[in-house]
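If you want the building blocks of each chain, they are given just below.
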Amino acid sequence: MNKWVVIRELTIIFSFIFTLSIVFALFTGAKLTNENVSSILIFSLIVGVGCGIFYIDPLVDLLGIFWVQVTYLFIIFITFIGCSQFFEWNVPSTIMLWAFLVMIGGFFIGKAILFSVSVKMTEQMNKQLKKKFQKKDHE
């Protein structure tokens, strides 16, 4: 896959994770300071970069997409727990459970967003190819 496509998709994933994390923090009543937002930014970067496992073709071929998805969800959970401890977020267990459910839901929403972006890009490429071939046919 083209490296720019991968970078674009990882950027979309990162921005989605960061936005979802900030919204979740606001809904749970967290007081967002610059330090908290920075820690959420670091969490989002780690999880966004961790999504790179989907672009390692030998790994996907070896494990299959289902197990790569399970591995990625595990990476998300471990990163959340690690960041929670490291940055001393003091997340109560009930909120942590809700956070895990939001992460799972967000994972599937993110997949849907990336799929729709890919479909849109494919449609645009098909239109460009169609115009190109129509020009050649008229010449």
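Sequence positions are assigned chain by chain, starting from 1 and proceeding in written order. Selection of residues for local features in this predicted model requires a pLDDT of at least 70, selection of side-chain atom pairs for listing and counting requires 80 or more, and totals for whole chains, interfaces and linings are taken over all residues. Side-chain metrics in this entry use all non-hydrogen atoms of the structure; hydrogen atoms and water are not considered.

Draft legend 1. Region of the structure containing the side chain of Ser-44. In this structure, Ser-44 sits in helix α2 (residues 34–50). Contacts are residue-level and defined by heavy atoms, with any inter-residue pair within 4.5 Å sufficient. Excluding its chain neighbours within four sequence positions, the residues that come into contact with Ser-44 are Phe-14, Ile-17, Phe-18 and Ser-21. Only runs of H or I of at least four residues qualify as helices and only runs of E of at least two qualify as strands under DSSP, and these elements are numbered from the N terminus.

Draft legend 2. Structural detail: the nonpolar core. Residues belong to one nonpolar core when they are buried, are Ala, Val, Leu, Ile, Met, Phe, Trp, Tyr or Cys, and are joined through side-chain atoms within 4.5 Å. Buried residues are those whose accessible area, probed at 1.4 Å on protein chains only, stays under 20% of the maximum for their type, while exposed residues exceed 50% and partly exposed ones sit between those limits. Core analysis: the biggest nonpolar cluster contains 21 residues, and Phe-54, Tyr-72 and Phe-80 have the highest contact counts within it. Broken down by secondary-structure element, the contributors of at least two residues to this core are α1 (3–27), α2, α4 (65–86) and α5 (93–138). Not counting chain neighbours up to four residues away, the residues in contact with Phe-80 comprise Phe-43, Trp-89, Val-91, Met-96, Ala-99, Phe-100 and Met-103.

Draft legend 3. Here's a closer look at the packing of aromatic side chains. Here the aromatic set is Phe, Tyr and Trp, taking the six-membered ring for Trp, and pairing holds for ring centres within 6.5 Å; pairs whose planes are under 30 degrees apart are stacked, those over 60 apart are edge-to-face, and all others are tilted. Inspection of every chain in the model, using the stated rule, returns 13 aromatic pairs. For the pair Phe-14 and Phe-18, a centre-to-centre distance of 6.1 Å together with 20° between the ring planes defines the contact as stacked. In this pair, Phe-14 and Phe-18 both sit in helix α1, four residues apart, roughly one turn of the helix. Arranged with centres 5.8 Å apart and planes meeting at 75°, the rings of Phe-80 and Phe-100 form a pair that is edge-to-face. Residue Phe-80 is found in helix α4, and its partner Phe-100 is found in helix α5; the two are separated by 20 residues along the sequence. Phe-80 gets classed as buried once you look at its relative accessible area, which sits at 8%. An aromatic cluster is built from Phe-43, Phe-77, Phe-80, Phe-86, Phe-87, Trp-89 and Phe-100, whose rings are joined through pairwise contacts.

Draft legend 4. Spotlight on the confidence of the model for the chain. pLDDT measures how confident the predictor is about each residue, on a scale from 0 to 100. When pLDDT is averaged across the chain, the result is 88; 98% of the residues are at 70 or more. Within the chain, the lowest mean pLDDT, 86, falls on α5, and the highest, 92, falls on α2.

Draft legend 5. Representation of the environment of Glu-88. Residue placement: Glu-88 occurs in the loop between α4 and α5. Taking the relative accessible area as the measure of exposure, Glu-88 reaches 60% and is therefore exposed.

Draft legend 6. A look at the packing of α2 against α4. α4 packs onto α2 with a crossing angle of 160° between their chain directions and a minimal axis gap of 10 Å. Between α2 and α4, the crossing angle belongs to the class labelled roughly antiparallel. Viewed along their axes, α2 and α4 form a crossing whose handedness is right-handed. Contact with α2, carried on its side by Phe-43, Ile-46, Val-47, Gly-48 and Gly-50, involves Tyr-72, Ile-75, Ile-76, Thr-79, Phe-80 and Cys-83 of α4 and no other residues of that element. Three classes are used: nonpolar for Ala, Val, Leu, Ile, Met, Phe, Trp, Tyr, Cys and Pro, charged for Asp, Glu, Lys and Arg, and polar for all others, with Gly counted as polar. Per-class residue counts for the contact of α2 with α4 are eight nonpolar, three polar and no charged. For every element, the axis is a line fit to its C-alpha atoms; helices are fit only across the contacting stretch, and the angle between N-to-C directions ranges from 0 to 180 degrees. An angle below 35 degrees is read as roughly parallel, one above 145 as roughly antiparallel, one from 65 to 115 as roughly perpendicular, and any other as oblique. Whether a crossing is left-handed or right-handed is set by the direction in which the near helix is turned from the far one by less than a right angle, anticlockwise for left-handed and clockwise for right-handed.

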